[in-house]
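Spelled out, the chains give:
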Amino acid sequence: PTAGHYREAAHFEHAGLLGSACGVSDEKVIPLLSETCNEVGVDVISAGNLMAFLMDATERDLLPAGFLDVSDRLGRDGLRWGDWRGMIELIEALGERRGVADLLSGGVAATAASIGSEAEAIAFHSKGHEYAAWNPKALISTGLSYAIANRGACHLASHFTCRQNRMAFLDSTGGCYFSMQLVDD
């Protein structure tokens, strides 16, 4: 399915969130999903989390009838685990903000809030920001950063809480994130 596409291999974040989190095991499809996100201007981390949330909500029968109105098939059947074709349809709709994708473009927290409390209970985010594919249990400071950073679970907020003030300064002054790596703490 990826013949003629730019990437042949998936980045870690893309493989984790568009692949395993969504039940997509075909390693040739994940770069296609990632490329589709990039082509339509949709963040891969947010898209992967949103797709996994919608698959979980579909399986638990939490979505209202016809909720995924971007196509007849998705409106009827919802988004199922491993349905990469449905993921592409939704990613393209997100890029256009077509139908329910206008709501979905607000992310997992906004989508879950519109569906109701049962959906909110399965919506993984911190302060409305979806989690990256990193496992914060492996590095305690990452989990702490996700909890207390001003942006929530942002992997750019720093994995070390001592750098959060620097990141907040760079964000508020228009500084470059990559310049942070040039200066010692």
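Numbering of residues begins from 1 in every chain and follows the order in which that chain's sequence is written. Totals for whole chains, interfaces and linings use every residue, but because this is a predicted model, local features are given only for residues with pLDDT of at least 70 and side-chain atom pairs only at 80 or more, for both listing and counting. Side-chain metrics in this entry use all non-hydrogen atoms of the structure; hydrogen atoms and water are not considered.

Colleague: Got a minute to help me understand unusual backbone geometry in this structure?
Modeller: With phi around 55 degrees, Arg 97 is a residue other than glycine that occupies positive phi space. The phi dihedral of Lys 127 falls on the positive side, at around 55 degrees, and the residue is not glycine.

Colleague: When you look at the packing of helix 1 (residues 12–19) against helix 3 (residues 44–59) in this model, what are you seeing that I'm missing?
Modeller: In helix packing, the relevant descriptors are the interaxial angle and the interaxial distance, both defined with respect to the helix axes. Note on method: axes are straight lines fitted to C-alpha atoms, helices fitted across the in-contact stretch only, with angles between N-to-C directions ranging 0 to 180 degrees. Runs of H or I in DSSP of at least four residues are treated as helices and runs of E of at least two as strands, each being numbered from the N terminus. Where helix 1 meets helix 3, the closest approach of the two axes is 8 Å, and the angle between their N-to-C directions is 20 degrees. Overall, the two elements helix 1 and helix 3 adopt an arrangement that is roughly parallel. For the element pair helix 1 and helix 3, the recorded crossing hand is left-handed. Contacts between helix 1 and helix 3 involve Glu 13, His 14, Leu 17 and Leu 18 from the former and Val 44, Ile 45, Ala 47, Gly 48 and Asn 49 from the latter. Angles are sorted into four bins: roughly parallel if under 35 degrees, roughly antiparallel if over 145, roughly perpendicular if 65 to 115, and oblique for all others. In this scheme the handedness of a crossing depends on how the near helix is turned from the far one: anticlockwise by less than a right angle means left-handed, clockwise means right-handed. We call two residues in contact when some of their heavy atoms are within 4.5 Å.

Colleague: Sorry if this is basic, but what is going on with the environment of Arg 163 here?
Modeller: The residue Arg 163 is located in the loop between helix 9 (140–148) and helix 10 (164–173) in this model. Burial status follows relative accessibility: with a 1.4 Å probe on protein chains alone, a residue under 20% of its type maximum counts as buried, one over 50% as exposed, and anything between as partly exposed. On the basis of relative accessible area, Arg 163 is assigned to the partly exposed category, the value being 23%. As a C-alpha pair, Arg 163 and Ser 145 span 18 residues in sequence and 9.7 Å in three-dimensional space.

Colleague: In this structure, what is going on with helix 9? I would like to understand it.
Modeller: The α-helix winds at 3.6 residues per turn, so residues separated by three or four positions along the chain end up facing the same way. Taken residue by residue, helix 9 has Ser 141, Thr 142, Ser 145 and Tyr 146 as its buried positions. Each buried residue of helix 9 sits inside an arc of 140 degrees when the element is viewed along its axis, so together they form one side. Where helix 9 is buried, its residues meet helix 10. To be clear, the arc concerns the directions from the helix axis to the C-beta atoms.

Colleague: Help me understand the packing of helix 3 against helix 7 (residues 108–115) in this model?
Modeller: In the contact formed by helix 3 and helix 7, the axes pass within 10 Å of each other and the chain directions differ by 25 degrees. One way to sum up the angle between helix 3 and helix 7 is to call them roughly parallel. In contact with Asn 49, Leu 50, Phe 53 and Leu 54 of helix 3, helix 7 contributes Val 108, Thr 111, Ala 112 and Ile 115. The residue classification treats Ala, Val, Leu, Ile, Met, Phe, Trp, Tyr, Cys and Pro as nonpolar and Asp, Glu, Lys and Arg as charged. All others, Gly included, are polar. Here the residues of the contact of helix 3 with helix 7 sort into six nonpolar, two polar and no charged.

Colleague: Looking at this model, I keep getting lost on the nonpolar core. Mind explaining?
Modeller: Side chains of nonpolar character tend, in soluble globular proteins, to be buried together. Among buried residues, the Ala, Val, Leu, Ile, Met, Phe, Trp, Tyr and Cys ones that are joined through side-chain atoms within 4.5 Å form a nonpolar core. Grouped together as the largest cluster of nonpolar side chains are 41 residues, with contacts concentrated most on Leu 54 and Leu 68. Taken together, the elements giving at least two residues each to this core come down to helix 2 (30–40), helix 3, helix 5 (84–96), helix 6 (101–104) and helix 7. Listed in part, the five residues of the second largest apolar core include Leu 17, Ala 132, Tyr 146 and Ala 153.

Colleague: Before we go on, may I ask you to explain the side chain of Ser 34 in this structure?
Modeller: Positionally, Ser 34 belongs in helix 2. Here a polar contact is taken to be a pair of N or O atoms separated by no more than 3.5 Å, where protein atoms must pair a possible hydrogen donor with a possible acceptor and residues adjacent in sequence count only if both atoms sit in side chains. Of the polar contacts made by the side chain of Ser 34, one reaches the side chain of His 14; its length is 2.5 Å. In contact with Ser 34, not counting residues within four places along its chain, are His 14, Leu 18 and Val 44.

Colleague: Would you explain the pattern of salt bridges in this entry?
Modeller: Any two side chains of opposite charge can pair if their charged atoms end up close together. Only one rule defines a salt bridge in this text: a Lys or Arg side-chain nitrogen within 4 Å of an Asp or Glu carboxyl oxygen. Enumeration according to the criterion identifies six salt bridges in this entry. Of the charged contacts, one joins Asp 83 and Arg 73 as a salt bridge, the two residues approaching to 2.9 Å between their closest N and O atoms. Placement of Asp 83 in the loop between helix 4 (72–77) and helix 5 and of Arg 73 in helix 4 is noted, with a sequence separation of 10 residues between them. Judged by its relative accessible area of 14%, Asp 83 is buried. Under the relative-accessibility criterion, Arg 73 is labelled partly exposed at 29%. We note a salt bridge from Arg 97 to Asp 102, for which the minimum N-O separation is 2.7 Å.

Colleague: Help me understand the state of the cysteines, please; the structure alone is not making it clear to me.
Modeller: Should the sulfur atoms of two cysteines be covalently bonded, the bond is a disulfide. Here, a disulfide means two cysteine sulfur atoms that sit within 2.5 Å of each other. Inspection of the entire model under this criterion finds zero disulfides. Looking at the unpaired Cys 22, the closest cysteine sulfur is the one in Cys 37, lying at 9.8 Å. Using a relative accessible area of 0% as the deciding quantity, one classes Cys 22 as buried. Of the residues examined, Cys 37 reaches a relative accessible area of 0% and is grouped as buried.

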